Amino acid sequence: MSYKIHMKGRDDPRTPYQIDRLYAWKHGKYFSPATVEISPTNACNQRCTYCYAWRESKSREMLRDDILIGCFDQLADADVGGVVIQGTGEPLLHKALPEAIKRGASRHIPIQLTTNGVLLNAALQDEILQHLYCLRISVIDNDPRRYADQHGCNEKQWHTLVANLERAIAVRARSNLPFSTMATVYLSENNVNDLYNCVRFCKEIGIDFVYVLEPQYTSYSPSGKRSHISSHMANAGHDIDSVCEKILSLIDDNFFVKIKLYVKEHILSGATKQTWKNDYCQGVKFYTLIGCDGEVYPCWRAWESKRYSFGSLYEKEFTEIWQGEKRRQIEEMIMRTPPDGDECLVCTICLLNKMLDETSNVTKWVNFL
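Every value quoted in this text rests on a predicted model; they were computed, and no experiment measured them.

Draft legend 1. Fine view of the pairing of strand β2 (residues 82-85). Where burial is concerned, the two faces of β2 agree: the one with G82 and V84 and the one with V83 and I85 are both buried. Strand direction decides the pairing type here: strand β1 (residues 35-38) and β2, joined by four bridges, are parallel. The residue bridging E37 from the neighbouring strand is V84, located in β2. Here three bridges tie β2 to strand β3 (residues 111-115), and the two strands are oriented parallel to one another. Within the sheet, the bridge partner assigned to I85 lies in β3 and is L113. Crossover handedness for the path β2 to helix α4 (residues 97-106) to β3: right-handed.

Pasting the structure below:
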């Protein structure tokens, strides 16, 4: 089992392959979203310092069991391309999730589960691993104390996570299961001198693909808003280039690592009130979210803000909501309304927006290949 088998192409541009959707987008026709993200719950067993989804004042909710399970039939019928189970909490806290994953797999929907992995015990693994397209561990570290500080939990959770991961990867090899494994390693003030060992630790466990990133702290994060860590590191004399070069030496057919640090390259993120451009954001047409409250939302900016909801799955089916006039009205509003604060900074659909903007503003040389 290896990166080459399970993950090759994961870091390639993927928007250009959405040919039918791009054609429909270009000609103003209807098309289903390529990806739908589902948030089964906003409850969590951790309190990560950087979490942009944390809202202390919000009551904890669970998407109703029948809605969570049944929405996979609706998404399949709507010709949605893939589903990311992630959202605003820890998905594995929802007891109906295994049944929902099985339903989605039975309808041939590729499913990525993003989890902190602490609750992914042997019994759950035996239920769901065979049905997953990708298992992504949100953030990992090789040091239990650092992990506990970062995730707002006790060190026991680190040991549980590592044991769960080791078992899952062993089961994959033994049963020849096709799911891929990913993890994120976040740069912090405490691990800059150990970053290489963090990534090597992931490789030794058997993870296929690791993103080395730095957290995007926002005003919603439990530890508050912070500036980019890598810039501070560089100013303090840390040789970031050497660290990155050493990490990249770990790449082989079985393992791949992608490094995105602010000090190394401009990291695209969503707009602020100052950088906002009307009608620029097209991501809401290709990617949408189902909240733990049953509402269908256009993007991360809109989580649990019902003024932006396209409609509720408690009242209508997904296709009716997606094709409805309300969706078009909300979509137009959000594309022309700047964010109030920094809620768009965590957006990754901005990569899609950049490509579509370039496609829409081609030069007169377009026909000379």
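Back to the write-up after that little detour.
Draft legend 2. Region of the structure containing the sheet that holds strand β4 (residues 134-137). An order of β7-β6-β5-β4-β3-β2-β1-β8-β9-β10 is seen for the ten strands of this open sheet, with the pairing classed as mixed. A single partner strand is all that each edge strand has here, and the edge strands are β7 (256-259) and β10 (311-312).

Draft legend 3. Just the side chain of T181, in detail. Checked against the element boundaries, T181 lands in strand β5 (residues 180-186). Those residues in contact with T181 that lie beyond four places of it in its chain are M7, L135, I169, R172, G206, I207, D208 and F209.

Draft legend 4. The arrangement of helix α10 (residues 240-248) in detail. Within α10, burial applies to I240, C244 and I247. With its buried residues spanning 60° around the axis, α10 presents them on a single face.

Draft legend 5. Here's a closer look at the environment of A100. You can see A100 is positioned in helix α4. Given the relative accessible area of 0%, A100 is considered buried. The sequence separation of A100 and S175 amounts to 75 residues, and the corresponding C-alpha distance is 22 Å.

Draft legend 6. Structural detail: the nonpolar core. Judged by nonpolar contacts, the single largest core of 101 residues is most densely connected at I38, F72, L75, I140, I290 and F318. Among residues more than four places away in sequence, those in contact with I290 are V36, E37, I38, S39, L63, C71, L75, E295, V296, W303 and L313. With seven residues, the next largest nonpolar core counts M182, F209, Y211 and F256 among its residues.

Draft legend 7. Highlighting the pattern of salt bridges. The final tally for this structure, using the stated rule, is 19 salt bridges. R64 is the salt-bridge partner of D66, the closest N and O atoms lying 2.7 Å from each other. The partly exposed category is assigned to D66, whose relative accessible area is 45%. The partner of D293 in a salt bridge is K306, and the shortest N-O contact between them spans 3.2 Å. You can see D293 sitting in the loop between β8 (287-290) and β9 (295-297) and its partner K306 sitting in the loop between β9 and β10, a full 13 residues away along the chain.

Calculation criteria
Within every chain, residues take consecutive numbers counted from 1 along the sequence as written. Whole-chain, interface and lining totals are the exception, using all residues; otherwise, since this is a predicted model, local features are given only for residues with pLDDT of at least 70 and side-chain atom pairs are given and counted only at 80 or more. Hydrogens and waters are ignored; side-chain quantities use all the structure's heavy atoms. Throughout, exposure labels follow a simple rule: accessible area from a 1.4 Å probe, protein chains only, divided by the maximum for the residue type, with under 20% read as buried, over 50% as exposed, and the rest as partly exposed. Counting from the N terminus, the helices are the DSSP runs of H or I reaching at least four residues and the strands are the DSSP runs of E reaching at least two. Two strands make a pair as long as DSSP finds a minimum of two bridges between them. For a crossover, the right-handed case is the one in which the path from the first strand over the helix to the second runs clockwise, viewed with the strands pointing away from the viewer. Any two residues whose heavy atoms approach within 4.5 Å are treated as being in contact. Taking the helix axis as origin, the arc is that swept by the directions to the C-beta atoms. Take the buried Ala, Val, Leu, Ile, Met, Phe, Trp, Tyr and Cys residues and link them wherever side-chain atoms come within 4.5 Å; each set so joined is a nonpolar core. Definition used for salt bridges: Asp or Glu carboxyl oxygen within 4 Å of a side-chain nitrogen of Lys or Arg.

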